[in-house]
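# Coordinate inspection notes
Here is how the chains run, residue by residue.
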Amino acid sequence: FGKKIVYQPSVKSTQEIAYSLARDGAPEGSIVLADEQTGGRGRLGRAWQSPAGTGIWMSLILRPEIPLQKAPQLTLLIAVAASKAIEKVTGLEAAIKWPNDLLINGKKTAGILTELQAEADSIHSVIVGIGMNVNQESKHFSEEIAQIATSLAIEGGKTYKRAEVIGYLLQEIESLYHQYLQNGFGVIKLLWEARAFSLGKRITARSVTGSITGYAKGITDEGVLLLEDDTGRVHSIYSADIEIPSP
Ligand code: BTN
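Criteria and cut-off values
- Residues numbered from 1 in each chain as written.
- Predicted model: local features only at pLDDT ≥ 70, side-chain atom pairs only at ≥ 80, totals over all residues.
- Near = placed C-beta within 6 Å.
- Helix = DSSP H or I, 4+ residues; strand = E, 2+ residues; numbered from the N terminus.
- Nonpolar A, V, L, I, M, F, W, Y, C, P; charged D, E, K, R; others polar.
- Axes fitted to C-alpha atoms, helices over the stretch in contact; angles between N-to-C directions.
- Parallel < 35°, antiparallel > 145°, perpendicular 65-115°, else oblique.
- Left-handed = near helix turned anticlockwise from the far one by under 90°.
- Contact = placed C-beta atoms within 7 Å.
- Domains from an automatic or database assignment.
- Buried ≥ 20, exposed ≤ 12 C-beta atoms within 10 Å, placed from the backbone.
- Expected span 1.5 Å × (residues − 1).
- Pairing = 2+ DSSP bridges.

As named in an unreviewed UniProt entry, the chain is Bifunctional ligase/repressor BirA, taken from Fictibacillus barbaricus.

Moving on: the site of the ligand. Taken together, 21 residues form the shell around the ligand, and within it Ser13, Gly42, Gly111, Gly129 and Gly131 come nearest. Residue assignment for the shell around the ligand shows that the elements contributing at least two residues are helix H1 (14–23), strand E3 (55–62), strand E6 (107–119) and strand E7 (122–133). Of the residues assigned to the shell around the ligand, the class counts are six nonpolar, 11 polar and four charged.

It is worth spelling out the packing of helix H2 (residues 71–90) against helix H5 (residues 162–183) at this point. At a minimum axis separation of 8 Å, H2 and H5 run at an interaxial angle of 140 degrees. One finds that H2 runs oblique with respect to H5. Two packed elements cross with a definite hand, and for H2 against H5 that hand is right-handed. Residue-level inspection shows Leu77, Ile78, Val80, Ala81, Ala82, Lys84, Ala85, Lys88 and Val89 of H2 in contact with H5, the latter providing Glu164, Val165, Tyr168, Leu169, Glu172, Ile173, Leu176, Tyr177 and Tyr180. Here the contact of H2 with H5 is built from residues that sort into 14 nonpolar, no polar and four charged.

Our focus in this paragraph is the domain arrangement of the chain. Under the domain assignment used here, the chain contains domain 1 (5–195) and domain 2 (202–243). Of note, the centres of domain 1 and domain 2, computed from C-alpha atoms alone, are 23 Å apart. Taken residue by residue, the interface counts 13 residues in domain 1 and eight residues in domain 2. Of all the secondary-structure elements, those providing two or more residues to the side of domain 1 that touches domain 2 are H2 and helix H6 (186–195). At four residues, H2 tops the list of elements feeding residues into the side of domain 1 that touches domain 2.

Keep in mind that most residues, glycine aside, have a negative phi and that most peptide bonds are trans. The omega torsion of the bond from Trp98 to Pro99 falls at -5 degrees, within 30 degrees of zero and hence cis. In this structure, Pro99 sits in the loop between strand E4 (95–97) and strand E5 (101–104). Unlike most non-glycine residues, Leu44 shows phi in positive territory, near 50 degrees. Counting through the fold element by element, Leu44 comes out in the loop between strand E2 (31–37) and E3. Within the chain, Ala120 stands out as a residue other than glycine whose phi angle is a positive 50 degrees. Within the fold, Ala120 resides in the loop between E6 and E7. We classify Ala120 as exposed; it has 5 C-beta atoms within 10 Å.

Look at H2: 29 Å from first C-alpha to last across 20 residues, which is about the 28 Å you get at 1.5 Å a residue. With 15 of 20 residues buried, H2 is to be regarded as a mostly interior element. Gly91, located one to two residues past H2, shows a positive phi value of around 75 degrees.

A few words on the sheet that holds strand E8 (residues 202–207). Here five strands make up an open sheet; going across it, the order is E11-E10-E9-E8-E12 and the pairing antiparallel. Looking along the sheet, the strands with just one partner apiece sit at the ends: strand E11 (234–237) and strand E12 (241–243). Direction aside, neighbouring strands of the sheet carry axes that sit 45 degrees apart on average. Summarising the sheet, E8 and E12 pair through three bridges and their orientation is antiparallel. The partner of Ala205 across the bridge, within E12, is Ile242.

Moving on, we come to the packing of H2 against H6. Pairs of packed helices are described in terms of their axes, by the angle between the two and the distance that separates them. Following both chains from N to C, one finds H2 and H6 inclined at 55 degrees, their axes separated by 9 Å at the closest point. Between H2 and H6, the angle falls in the class oblique. For H2 against H6, the interelement crossing comes out left-handed. Counted together, Gln73, Leu76, Leu77, Ala79, Val80 and Ser83 of H2 and Ile188, Leu191, Trp192 and Arg195 of H6 form the full contact between these two elements.

This is how it looks when you write it as structure tokens:
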């Protein structure tokens, strides 16, 4: 991975650039990196704050030969890889909040946005966007996210070289990805569950269609979250925000 790297100081979103590269045939493992994004995108149509020089704003092109419905597995794979990379670099534990938030001490330090180009049931390419707060100080975060966001530097008490973090990240992604293509999702699922923040907890899954509160029982082989409500009914959650209600 990273044999083809497109670096630009300032872009609207690395996702857009990666998307058109992929459409034009860029090989698997190509990455797009920027120092700053002026229109960084998060999950569920939200914005992702990507100020200059403080974090990793990166999109990676994958071309897995897997059916479309297995694509969510890739998000979980990347979350495990990012969690491992953070632990290697900082020595701090990075928990995964379903599907793809990375938390240090309960605050979000990284997020993943997976977007697909597909035709019928076959995947043309997967664009994995990774945003990681590396050297921000608390004062850099807007008021809106100051309570919930953090960075490696805030939690680790020192600054980190972004290039080094990117190196670890690509190494972990590449090795898990090859393992996944060879052996399937089983091992990734176990690794994910071992790092999961919300499993076994009472949580609320909130989406545009409403919210459900219950116990997070686990994930399926497709990466779908299983939530058991108070009547014992188990819901499959494909896309939502997870909240841990205060007692
Ligand atoms: C989330 O947690 O909502 C996902 C955030 C993903 C942000 C990254 S930064 C690089 C790539 N380019 C974007 O515009 N978004 C992703």
